[in-house]
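Each chain, written out:
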Amino acid sequence: MSEQVSEQQWTIEPVGYIRSPYRQKFAIPRQPGLVKSAIGSIELVAPYHHPDCLRGIEDFSHLWLSFVFHETADQGWKPLVRPPRLGGNAKKGVFATRSTFRPNALGLSVVELVEVQLSPKPELIVRGLDLLDGTPIIDIKPYLPYADAIPNARGGFADDRPSTGVVIEFSEAAEAGLRRAHAHPHLRQLISEVLGQDPRPGYQREQNWQKEYGMHLYHYNIKWRVQDGIATVTQVSAE
Ligand code: SAH
């Protein structure tokens, strides 16, 4: 790609940061709302943490979050990308996808607003996240159903909600780990929803790899295997 220096540049700074259960990119759902139990919060930073900035926001059920794909921003972008949804084979134009590798590395997610907390510091509790812990939020806007919900819209290569049919089971050791995770009573549900998305790369799904997979949710180390459409959680342990 030839580089063209633009006269028009803007400086964008975070208005806050996401606190999320997701501590690594692997296993994060590909869009918001797919894992409803993924609850987190937006911690606002000065000068945007003034309660005036949030006045009336509690009247909205959902919010649009603009954010920076900060973890991959330095990897640049290409005009064509291979959406995982298409098995990693077909190529689509970057602007025809929601790829993280894009000019300006900006992301957009709609999330459910669960609660507005003003003290000890202003914070928005949100649900259905697809964002890495620590993601910089650069803007927050209310979701407007009359304008944003378009019932007959076409969804191109991602027209329907992805479904995997994967069934989730927990081993005895994982059950014991869950019993010790008092601080996160919804951890079982969260793990089930995340693994229900089958985060394995497409080629590993097809070949029914016998690999043990791992992810971190909060400070828990979670391991699982998948065989014949059953994901068995083998370990849930605090770090
Ligand atoms: N809903 C957003 C994100 C779609 S891509 C949009 O359409 O713009 C979703 C993927 O982004 C997740 O699966 C995760 O792997 C990745 N991701 C989430 N937060 C990230 C971050 N801070 N930096 C880089 N990648 C991130």
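Since the model is a prediction, treat every value here as computed from it, not as a measurement. (Residues numbered from 1 in each chain as written. Predicted model: local features only at pLDDT ≥ 70, side-chain atom pairs only at ≥ 80, totals over all residues. Heavy atoms only, no water.)

Explanation requested: the pairing of strand β3 (residues 62-68) in the structure shown.
Only one face of β3 is buried, namely the one carrying L63, L65 and F67, since none of H62, W64, S66 and V68 on the opposite face is buried. Here β3 pairs with strand β6 (residues 106-117) via 7 bridges, running antiparallel. Note that in β6 the partner of S66 across the bridge is L108. Relative to strand β8 (residues 136-142), β3 runs antiparallel, the two being bridged by 5 bridges. Bridge pairing links L63 to P142 in β8. (Buried < 20%, exposed > 50% of the residue type's maximum accessible area, 1.4 Å probe, protein only. Helix = DSSP H or I, 4+ residues; strand = E, 2+ residues; numbered from the N terminus. Pairing = 2+ DSSP bridges.)

What is the right way to look at the nonpolar core in this model?
If you look at soluble globular proteins, the nonpolar side chains tend to sit buried side by side. Grouped together as the largest cluster of nonpolar side chains are 46 residues, with contacts concentrated most on I140 and I191. Counting residues per element, this core draws most heavily on helix α3 (residues 187-196), at 5 residues. Sequence-distant contacts of I191, defined by excluding residues within four places in its chain, comprise F170, L178, M215, L217, I222, V233 and V236. (Core = buried A, V, L, I, M, F, W, Y, C linked by side-chain atoms within 4.5 Å. Contact = heavy atoms within 4.5 Å.)

How do you make sense of helix α2 (residues 172-180) when you look at a structure like this?
Every α-helix winds through 3.6 residues per turn, so residues three or four apart in the chain are directed the same way. Every buried residue of α2 is accounted for by A174, E175, G177 and L178. One side of α2 holds all its buried residues, which, seen down the axis, span an arc of 160 degrees. Residues of α2 that are exposed and point more than 90 degrees away from the buried face comprise E172, R179 and R180. Check the buried side of α2 and you find it contacts β9 (167-170), α3 and β12 (230-238). (Arc of directions from axis to C-beta.)

Explain the environment of L217 here, please?
The residue L217 is located in strand β10 (residues 212-217) in this model. Through-space distance from the C-alpha of L217 to that of D133 is 9.9 Å; in sequence the pair is 84 residues apart. Contact partners of L217, with chain neighbours within four places excluded, come to P21, Y22, L187, L190, I191 and I222.

I keep staring at the sheet that holds strand β7 (residues 123-127) and nothing clicks. Help me out?
Strands pair in a sheet through their backbones, by hydrogen bonds, and they do so in one of two ways: parallel or antiparallel. Spatially, the 6 strands close up into a barrel ordered β1-β2-β7-β6-β3-β8, and their pairing is antiparallel. Direction aside, the axes of adjacent strands within the sheet are offset by 45 degrees on average. Pairing geometry for strand β2 (residues 39-44) and β7, over 5 bridges, is antiparallel. Looking across to β7, one finds that I42 is bridged to L124. (Axes fitted to C-alpha atoms, helices over the stretch in contact; angles between N-to-C directions.)

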